[in-house]
Amino acid sequence: ADFNLLLDKINERVAIADQVALSKWDSGKPVFDAQREADVLVRVGSQASAHGLLSDDARRFFTDQIEANKWVQYGLLAQWHMANQAPDTTRPDLASLRQRLDRLQGELLNALRQAEPIRHREECPHAAAAAIDAYATAHSLDSLHRLALVRGMANVCQGPQAVAQTPGA
Ligand SMILES: O=C(O)C(=O)C[C@]1(C(=O)O)C=C[C@@H](O)C=C1
């Protein structure tokens, strides 16, 4: 196992942030929505064990994904305010973007579970950083989206003591 599937799923979620930012540019809604974050994290916590993960671990991981999402939104909104314009590509409304985020949730948790063995290895921090670097280069990510991967991977390495639950436990 390596980090490629996990990075793919993290990057997929980050790519949705671009469209969330556009919807917020249109609506003027703030990036931060405390109630929505709480809802997401409650669901993640309750679905963790079905994916073979501890609730706290899954919640911490998702807190990082939400932070990565906000970094991208703040970064893009600042670029668009600088330019006094945002791209005029068609964008889905926030409700359908949230449905897409919800659908990705299980895939992200499965990808985290799949990475479990490397997460506890001594070389995890180096392997994670190298995988992010290679992934960002291979996908020609700009510095904002590269940094979002760094943020999303921030707590993937866990040290040897944490133990995963068996699915359904
Ligand atoms: O749903 C939104 O409004 C988003 O901006 C997405 C998201 C997330 O990553 O899930 C990020 C920031 C908000 O505080 C809530 C949720």
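See the structure above.
Attention in this report is confined to the structure presented alongside it. These numbers come from a predicted model, not from an experiment.

1. So, the packing of helix H1 (residues 4-27) against helix H4 (residues 94-114)
One way to put it is that H1 packs onto H4 with a least axis distance of 9 Å and a crossing angle of 165°. On the basis of the axis angle, H1 is roughly antiparallel to H4. In terms of crossing hand, the pair formed by H1 and H4 is left-handed. Side by side, H1 and H4 meet where Leu-5, Leu-6, Lys-9, Ile-10, Glu-12, Arg-13, Ile-16, Gln-19, Val-20, Ser-23 and Lys-24 of the first sit next to Leu-94, Leu-97, Arg-100, Leu-101, Leu-104, Glu-107, Leu-108, Ala-111, Leu-112 and Gln-114 of the second. In the contact of H1 with H4, the residues fall into 12 nonpolar, 3 polar and 6 charged.

2. Notes on the packing of aromatic side chains
In total, this model carries 2 aromatic pairs according to the counting rule given. A ring pair is formed by Trp-25 and Trp-80, whose centres lie 6.2 Å apart and whose planes are at 90°; its orientation type is edge-to-face. With a gap of 55 residues between them, Trp-25 in helix H1 and Trp-80 in helix H3 (residues 55-83) connect regions that are remote in the sequence. Given a relative accessible area of 25%, Trp-25 falls into the partly exposed group.

Parameters and conventions
- Residues numbered from 1 in each chain as written.
- Predicted model: local features only at pLDDT ≥ 70, side-chain atom pairs only at ≥ 80, totals over all residues.
- Heavy atoms only, no water.
- Axes fitted to C-alpha atoms, helices over the stretch in contact; angles between N-to-C directions.
- Helix = DSSP H or I, 4+ residues; strand = E, 2+ residues; numbered from the N terminus.
- Parallel < 35°, antiparallel > 145°, perpendicular 65-115°, else oblique.
- Left-handed = near helix turned anticlockwise from the far one by under 90°.
- Contact = heavy atoms within 4.5 Å.
- Nonpolar A, V, L, I, M, F, W, Y, C, P; charged D, E, K, R; others polar.
- Phe/Tyr/Trp six-rings, centres within 6.5 Å; stacked < 30°, edge-to-face > 60°.
- Buried < 20%, exposed > 50% of the residue type's maximum accessible area, 1.4 Å probe, protein only.

Note that every value here comes from positions in space, so none of it alone points to a role or purpose.
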